[in-house]
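Below, each chain spelled out in residue letters.
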Amino acid sequence: MARKKKSEIKKQKEDILDFFQKHRERPYTFSDLYNHFGVYDKDDQLFFKLILEELEEGGKINRAGRGKFTLASGDTTTEVIGVLDYVNPKFGFVRYEDGEKDAFISSDMMGGAVDGDTVKVRFLGRKTGKGENPEARVTEVVKRGKAEIVGKIKIYPNYAIVKPDNRKFHEDIFIAKSNFLNAKTDDLVIVKIIEYPSDFQQATGKVVEVLGKSGDNDAEMHAIMAEFGLPVRFPEEVEKLAEAIPEEIEEEEIKKRRDMRETLTFTIDPHDAKDFDDALSYKVLDNGLWEVGIHIADVTHYVRPGNVLEEEAFRRATSVYLVDRTIPMLPEKLSNRLCSLRPNEDKLVFSAIFHVDLNGHVHDEWFGRCVIHSDKRFAYEEAQEVLELKEGENNPEGVSDEIRECLLTLNKMAKNLRDERFKKGAFNFETNEVKFNLDENGKPLGVYQKVRKDAHKLIEEFMLLANKKVAEFVFYGKFSEKVSKEVKKNKEASPTMVYRVHEPPNPDKINTFSAFAGKMGFTINSSSQEALSRSLNGLMSQIEGTPLQNVLESLAVRTMSKARYSTAPQGHFGLAFDHYSHFTSPIRRYPDMMAHRMLQHYLDQGKNLNKEDYEDKCSHSSDREKLAAEAERASIKYKQVEFMSYQDRNVIYNGVVTGVADFGIFVEIEGTGCEGMVRLADLKDDYYDYDADNYRIIGQRKGKIIGFGDEVKVSIKETDLERRSMDLNLEEAGGKAINTRKSAPRSATRGRGNSSRRGAKSNKVIPPKKGRRKKR
């Protein structure tokens, strides 16, 4: 191929752009362009392709699928930065700004990016088929989101392949023989990525930790933690520092504090809890009021800024609650011993003490450090038993008349506080928690949905009261007459604080939910925030006790904005509070530790704190909270599928349709929260069409309709622990039997050791060679 002059290259580019300017009606293939420009020599075609790629890189033309090009529209030079959500092997989305539609990225526009990467994208000047999302392509990977991947390894004679657990990482990882780290086939491993995947090369990595055999409970739980980048063990220096902290409370420290040890004090927690981070105290006053103290473990007395304990607490930012274990934010000596408000022990606390009437109205408040001595440790079930006692019935063992009267009075206050919140527009969402009965090896023997009763709500209301009052105390500068006057003149003068904020929901999401609820026969009034709150609470009352309750409550929660931490005092929409913080759980939440330090700083008449220093910590804490929640959900889903895998395939379960898609319907099994899919391909009584607008499927011949919220009967077809998913047979809908194809599954209980991964086309694996193009 003759060397081209710069003038020839420039002229060729101008001619190509001129062609696209005049022919905008459709995309053009390489063949179209070769024919138009008379390019038939292979060397000239290669040169022509390079010119097209340069024009594409410069944003002058866009690739419209494989080997097709169009003229770029005027806004294609716009580039934005966001995080890639690689939802399936064909495409992903990049969220770059709140309120804007996510950028759609097809798989051939990824530019070597993987899920979780921070990327720079350039818009292509067109939208997806439905016109909802702008299309874009990745021009740069700004920051890698993951350096390590968890997966199951398969060993070959000279190499190994790791299939990632993360469903959004769509590439198998090649492991050279020197990087096995003694792993064996079907082990769960953590792999450090050496080279990320590209159009030409498979991802490569090395095994840095072997978690254990797939299917083993400990290995699976550790794999879930690693999948979300959450630590399992504490560094040795952190454990050593924690162990070195003396357990005895010095008399000098007690003298600095308000002594509450003679006041009746108790805790109410789950029966299996070990980290008791809050207690209530109770005293009847002479003026017809009650003194109620909300006492919170004084974690920041033990964890000081600048040491490794503080650094590790910030790094974790939250405890993680998996199905069978707690991975604490603080080492066990702190979380379960020093800071845990165990009965019959003196403990250091940070307290909010209120004088309240029976309606829960606060007449006086005090904040500061105390020492307490808990008289009684209640499990929720034990406290509930006391609340349900009828007049004349004897107290349970270990419960005095004083404690009984205390619980009954506090419960009345809590109910009044709750009623007042709802009158002001708080949401009344009662989602049930999924719980398991496990044996000593973590095997699920039973699954049930835990219902919140008055004992749970009693504690909740007083924690909400403390969090709200702490936030108001700081926001209005009540610790200083001077600051208080400044805030009254100008709210912008409010002191810096860490708030728990919850913004009003996105109007588009509310409109979508309203339309959805309308299809179910319910009306949602979203004309104002107050009307929306009343309307949603009315809906919750209407569906209480019906098959639709769990489903619609879950959808309503997902419609809401996500609560987060911020120094901006934006209020809490869901609770109907103008100001709200997190103060009551410092053993398990880092933002509560920040709130303790900031409150004490202001009580000591300290100057206003720098907002920027705390905003970064707020953002980090919100991110870690999200990861922890995802890990918790993954562990629940795994145990649900594991439990169902042990069940008799002939048992028929009651269920409710929780989702409808063009490939099947999702059904939640009654009483367990376990969700599975009935695939349309398995229904042989008719051919069903998907009616997306009305969230249902319709039989072509018989006209049978199965829709969202319908009660059905199902049996288990197949469980897949790798995918944490379950396929179901539809046995009955609308009171009539349904014929389902019950072909024998590949395995009665597909697990990690004997199932194909995520629809892989073949088990045959070919190791990559340098420079070899990877098949797609």
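Residues numbered from 1 in each chain as written. Predicted model: local features only at pLDDT ≥ 70, side-chain atom pairs only at ≥ 80, totals over all residues. Heavy atoms only, no water.

## Let's talk about the pairing of strand β7 (residues 118–127)
The criterion, for reference: Only strands joined by at least two bridges in the DSSP assignment are considered to pair. In DSSP terms, a helix is any run of H or I states spanning at least four residues, a strand is any run of E spanning at least two, and both are numbered starting from the N terminus.
Sheet topology places strand β4 (residues 79–88) next to β7; five bridges connect them, and they run antiparallel. By the bridge assignment for β7, Ile81 is matched with Lys120. Direction of pairing for β7 relative to strand β8 (residues 134–143): antiparallel, over a ladder of seven bridges. The partner of Val121 across the bridge, within β8, is Val138.

## Observations concerning the packing of aromatic side chains
To keep it simple, the criterion reads: Two rings from Phe, Tyr or Trp (for Trp, the six-membered ring) form a pair when their centres are within 6.5 Å of each other. A pair whose planes differ by under 30 degrees is stacked, one over 60 is edge-to-face, and the rest are tilted. The rule is simple: take the accessible area with a 1.4 Å probe, protein chains only, and divide by the maximum for that residue type; under 20% is buried, over 50% is exposed, in between is partly exposed.
Throughout the structure, instances matching the rule amount to 27 aromatic pairs. Plain terms: the ring middles of Phe19 and Tyr28 are 5.0 Å apart, the flat faces sit at 75 degrees to each other, and that makes the pair edge-to-face. We classify Phe19 as buried; its relative accessible area is 6%. On the basis of an interplanar angle of 90 degrees and a centroid distance of 4.9 Å, the ring pair of Phe475 and Tyr476 is categorised as edge-to-face. Overall, the relative accessible area of 5% leaves Phe475 in the buried class. A relative accessible area of 29% places Tyr476 in the partly exposed class. Aromatic ring contacts, followed pair by pair, group Phe19, Phe20, Tyr28, Phe30, Tyr34, Phe37, Phe48 and Phe69 into a single cluster.

## Observations concerning the pattern of salt bridges
How we decide: Only one rule defines a salt bridge in this text: a Lys or Arg side-chain nitrogen within 4 Å of an Asp or Glu carboxyl oxygen.
In total, this model carries 49 salt bridges according to the counting rule given. One salt bridge in this structure joins Arg261 and Asp259, with 2.7 Å as the shortest N-O distance. Among the residues examined, Asp259 registers a relative accessible area of 43% and is labelled partly exposed. In this structure, the salt-bridge partner of Glu365 is Lys478, at a minimum N-O distance of 3.7 Å. Of the two residues, Glu365 is situated in strand β21 (residues 362–373) and Lys478 in the loop between α12 (454–475) and α13 (481–489); the sequence distance between them amounts to 113 residues.

## Some thoughts on the confidence of the model for the protein
Which entries qualify depends on this criterion: Confidence of the prediction at every residue is given by pLDDT, a number between 0 and 100. Whether two residues are in contact is decided by their heavy atoms: any pair within 4.5 Å suffices.
When the pLDDT values of the protein are averaged, the result is 88; 93% of them are 70 or greater. Of the regions scoring below 50 in pLDDT, residues 743–776 engages in 77 contacts with residues more than four places distant in sequence or in other chains.

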